[in-house]
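Survey of secondary and tertiary structure
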Amino acid sequence: MYVKKLALKQYRNYEQLELSFDANVHLFIGDNAQGKTNILEALYVLAFAKSHRTSKDREWITWDQDFAKIEGVIEKKYGPVHLELLISAKGKKAKVNHLEQRKLSEYVGVLNVVMFAPEDLEIVKGSPQIRRRFLDMELGQISPSYLHALAQYHKLLSQRNALLKQWEKRKENRPVIEVFTEQMLAYAAKILLKRTGFIKNLQEWSSAIHQSITSGKEQLELRYVYSTPMDEGMKEQEIIEVLRQKFDKIREQEESRGTTLFGPHRDDLQFFINGMNVQTFGSQGQQRTTALSTKLAEIELIHSEIGEYPILLLDDVLSELDDHRRSHLLETIQGKIQTFVTNTSLEGLDQQIVNEATIYKVQQGKISPMKEG
Ligand SMILES: Nc1ncnc2c1ncn2[C@@H]1O[C@H](COP(=O)(O)OP(=O)(O)OP(=O)(O)O)[C@@H](O)[C@H]1O
Ligand SMILES: [Mg+2]
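Residues numbered from 1 in each chain as written. Chains lettered and ligands numbered in written order. Predicted model: local features only at pLDDT ≥ 70, side-chain atom pairs only at ≥ 80, totals over all residues. Heavy atoms only, no water.

**Some words on the site of ligand 1**
Threshold: We define proximity as follows: a residue is near a molecule or strand when any one of its heavy atoms falls within 4 Å of that partner. Any pair of N or O atoms that falls within 3.5 Å is considered a polar contact. Within protein, one atom must be able to donate a hydrogen and the other to accept it, and sequence-neighbouring residues count only if both atoms are side-chain atoms. Computed by Shrake-Rupley with a 1.4 Å probe, the accessible areas treat only the displayed protein chains as cover when residues are assessed. Amino acids are sorted into nonpolar (Ala, Val, Leu, Ile, Met, Phe, Trp, Tyr, Cys and Pro), charged (Asp, Glu, Lys and Arg) and polar (every other residue, Gly among them).
Around ligand 1, the structure places 16 residues, and the nearest of them are Ala33, Lys36, Thr37, Asn38 and Ile61. For ligand 1, a nitrogen atom lies 2.9 Å from a polar atom in the backbone of Ile61. In isolation ligand 1 has 660 Å² of accessible area, and contact with the protein removes 77% of it. The residue makeup of the shell around ligand 1, split by class, is three nonpolar, seven polar and six charged.

**Topic: the sheet that holds strand 12 (residues 311-315)**
To keep it simple, the criterion reads: When DSSP finds two or more bridges between a pair of strands, those strands are recorded as paired. Comment: elements are numbered from the N terminus, with helices defined as DSSP H or I runs of at least four residues and strands as E runs of at least two. In this analysis an axis means a line fitted to C-alpha atoms, helices contributing only their contacting stretch, and an angle means the value between N-to-C directions, from 0 to 180 degrees.
Strand order in the open sheet made by the six strands is 8-12-13-3-14-15, with mixed pairing throughout. Here the strands that pair on one side only, and so sit at the sheet edges, are strand 8 (113-116) and strand 15 (366-371). Looking at each pair of strands side by side, their axes are set apart by 20° on average, direction ignored.

**Side note on the UniProt feature "binding site: ATP" (unreviewed entry) in the protein**
Heads up, the condition is: UniProt positions are given in the numbering used here, feature names are shortened, and annotations may be inferred rather than shown by experiment. Should any heavy atoms of two residues lie within 4.5 Å, those residues are counted as being in contact. Exposure is judged per residue with a 1.4 Å probe applied to protein chains only, and the accessible area is read against the type maximum: over 50% gives exposed, under 20% gives buried, and values in between give partly exposed.
Here the UniProt-annotated "binding site: ATP" (unreviewed entry) positions come out as Gly30, Asp31, Asn32, Ala33, Gln34, Gly35, Lys36 and Thr37. Counting through the fold element by element, Gly30 comes out in the loop between strand 3 (25-29) and helix 1 (36-48). Once residues within four sequence positions are removed from consideration, Gly30 is found in contact with Lys36, Asn343, Thr344 and Val362. The exposed category is assigned to Ala33, whose relative accessible area is 77%.

**Structural notes on the domain arrangement of the protein**
How big an interface is tends to be stated in terms of accessible area lost as the parts join. Convention followed: Segmentation into domains, and thus their bounds, comes from an automatic or database assignment. Buried area: the accessible area, evaluated with a 1.4 Å probe, that two parts lose upon being put together, summed over both parts. Salt bridge criterion: a side-chain nitrogen from Lys or Arg within 4 Å of a carboxyl oxygen from Asp or Glu.
Annotation of the protein at the domain level lists domain 1 (1-112 + 309-373) and domain 2 (120-307). With 24 residues of domain 1 at the interface, the matching set in domain 2 holds 22 residues. Contact between domain 1 and domain 2 buries roughly 2000 Å² in total, counting both sides, with carbon and sulfur atoms accounting for 62%. Broken down residue by residue, the surface that domain 1 buries against domain 2 is led by Tyr309, Arg325 and His328, which jointly contribute 28%. Our enumeration of links across domain 1 and domain 2 arrives at one salt bridge. Among the ionic pairs, Arg288 bridges to Glu320, the shortest N-O distance being 3.7 Å. Inspection of the domain 1/domain 2 interface yields eight residue pairs in polar contact (both at pLDDT 80 or more). Secondary structure elements with two or more residues in the side of domain 1 that touches domain 2: helix 1 and helix 10 (323-333). Among the elements that make up the side of domain 1 that touches domain 2, the one with the highest residue count is helix 10 (five residues).

**A closer look at the nonpolar core**
Inclusion rule: Side-chain atoms within 4.5 Å link the members of a nonpolar core, which is a set of buried Ala, Val, Leu, Ile, Met, Phe, Trp, Tyr and Cys residues.
If you look at the biggest cluster of nonpolar residues, it comprises 73 residues, and the most contacted ones within it are Leu314 and Leu329. The element contributing the most residues to this core is helix 5 (residues 174-213), with 13 residues. Counting contributing residues, this core receives three or more from each of domain 1 (1-112 + 309-373) and domain 2 (120-307). Here Leu329 is in contact with Leu292, Leu296, Leu312, Leu314, Leu318 and Leu321, once residues within four sequence places are set aside.

**Considerations on the sheet that holds strand 10 (residues 268-273)**
Taken in spatial order, the three strands make up an open sheet running 9-10-11, and their pairing is antiparallel. Lying at the two open borders of the sheet, with one neighbouring strand each, are strand 9 (220-225) and strand 11 (276-277). With two bridges connecting them, strand 10 and strand 11 associate as antiparallel partners. Bridging across to strand 11, Phe272 finds its partner in Asn277. Across the sheet, helix 3 (residues 128-140) is in contact with strand 9 and strand 10; its angle to strand 10 comes to roughly 95°.

**Observations regarding the side chain of His26**
Here His26 is to be found in strand 3. For His26, the side chain forms a polar contact with the main-chain oxygen of Asp22, separated by 3.0 Å. In contact with His26, not counting residues within four places along its chain, are Phe21, Gln338, Thr339, Phe340, Val341, Thr358 and Tyr360.

**Concerning the packing of aromatic side chains**
Which entries qualify depends on this criterion: Classification of ring pairs rests on two measures: the distance between centres of Phe, Tyr or Trp rings, Trp counted by its six-membered ring, which must be within 6.5 Å, and the angle between planes, read as stacked under 30 degrees, edge-to-face over 60 and tilted in between. We call a charge positioned above a ring when the Lys NZ or Arg CZ atom is no farther than 6 Å from the ring centre and deviates by at most 35 degrees from the ring normal.
Evaluated as defined, the whole model comprises seven aromatic pairs. When the centroid spacing of 5.0 Å and the interplanar angle of 80° are considered together, the rings of Tyr224 and Tyr226 count as edge-to-face. Tyr226 sits in the partly exposed class, given a relative accessible area of 26%. Three or more aromatic residues joined by ring pairs make a cluster, and in this case those are Phe21, Phe28, Phe340 and Tyr360. Against the face of Phe272 rests Arg223, its NZ or CZ located 3.6 Å from the ring centre.

**As for the pattern of salt bridges**
One pass over the structure, following the stated rule, counts 23 salt bridges. Linked by salt bridges that have partners in common, Arg12, Glu41 and Arg53 make up one network.

**Observations concerning the environment of Asp22**
Tracing the sequence through the fold places Asp22 in the loop between strand 2 (14-20) and strand 3. In this structure Asp22 comes out as partly exposed when scored by relative accessible area, which is 31%. Taking the C-alpha atoms as reference, Asp22 lies 35 Å from Leu222; in sequence the two are 200 residues apart. What Asp22 contacts, discounting residues up to four positions off in sequence, is Tyr2, Gln338 and Thr358.

The structure is reproduced here in C-alpha cells:
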C-alpha cells in the first residue's frame with residue numbers, strides 16, 4: 001500500500017498543505033523546528049488516530065485554531081481508500097471513505113505504518129510501559145479484535161481500580177468488584193493469547209534479520225514476561241482459571257493497596273542476545289541493532305498478515321545508523337516500500353537514496369519540491 005495524497009488543515013505548524021506521492025522514497029530536508037517530524041507525525045496519526053509523540057490530541061491543532069484535519073488517500077491492493085481525521089474540542093472524528101466510524105478499532109488498520117525514530121531505542125532500553133505501548137500499537141494495527149479487547153479491558157480495569165481505591169469506605173462493593181474481575185479476565189486472556197502469538201511471529205522474523213545484520217554472530221530472542229506466571233500453550237479457559245486463582249489469592253493485598261496488581265497492564269517484553277538480557281547487559285550497538293531488527297521484522301510481519309507492505313517513516317535515523325545497518329535498511333525498502341525520510345541536510349545520506357527520492361524542502365510549515373524522484 002502507499003499514501004497517494006495527504007492534506008493537512010491547521011495541523012501543528014501547517015496552516016494548509018496538499019501533497020501527492022508516488023510509491024517510492026520521499027525525503028524531507030530542513031533545519032530544526034521547521035515541520036519535518038510534524039509531517040511524519042501526521043501520517044502516523046492518519047494510521048493510528050494517535051500520535052507517537054504525545055497523548056494529548058489537542059496539541060495537533062495549530063495554536064490559534066479550534067480544529068485540525070488530516071486527510072489521506074491510501075492506494076491499496078483492492079483500490080483507493082479515503083481516510084479523514086478531525087480533531088476539535090469535542091474530540092476525534094474518524095472517517096473511512098467518508099463514513100464516520102463509531103469505534104476507532106474500525107478505523108485503525110486501513111493504513112499500516114512502521115515508524116523508526118531515535119526514541120525507538122527506548123523499546124529496548126526504556127520502561128515496560130513503552131514496550132507495552134509498542135505491543136499494543138503494532139498488534140492493534142493488524143488486529144481490530146485485539147484493539148477491541150484492549151479497550152474493554154482498560155475500561156473495566158479503571159472501573160475496578162476506582163472501586164478498589166474506595167475500598168476502606170465502601171466494602172459493600174465487593175460483589176461489584178467480583179463482577180468486574182470476571183469480565184476483565186475474559187479480555188485479559190484474549191489479550192495474552194494475541195500478544196504471545198504476535199511475539200512468536202515477530203521473533204521468527206527479527207531473529208533471522210538480526211542474524212543477518214550481525215553476520216550470524218548473534219541470536220536474538222523475544223520473550224513475553226507475564227506478571228502472573230503461565231505455562232506455554234495454555235488455552236483461553238486455562239489462562240482465565242490461572243488468573244482467577246491469582247486474583248483470589250491476592251484479594252486482600254489489592255484491597256489494601258487499592259489497585260489491580262496483576263494482568264496484561266503489568267506485563268513486559270524482553271530481548272535476549274545469545275541468552276543475555278539486552279536491556280541490562282547489551283552494548284549501545286547491540287541495543288540499536290535489536291531495535292532495528294525488531295522494526296524491520298514488523299515490516300515483514302505486517303506483509304505476511306495483511307498481504308501488503310506498510311509504509312515506512314524514518315525520522316532522523318538514516319544519518320545515525322552505521323553503513324552496515326543502513327545498507328540493511330535500504331535493502332529492505334528497495335522498490336517495494338513507500339518510505340518517508342527526514343534529515344536536516346542531504347549530507348551524510350546515501351547517494352542512491354538521494355538519486356531515487358523525491359526531495360522536498362521544509363521551511364516554517366511550508367513545503368517546496370526540490371527534485372522529482
Ligand atoms: N500545535 C502547534 N501549532 C503551531 N505550531 C506548532 C504546534 N506544535 C508544534 N509546532 C511548531 O512546529 C515546529 C516543530 O516542528 P517539527 O517537530 O516537525 O520540527 P523538525 O523539522 O522535525 O525539527 P528537528 O530537526 O529539530 O527535529 C516548532 O517550530 C513548533 O513550534
Ligand atoms: Mg524532527
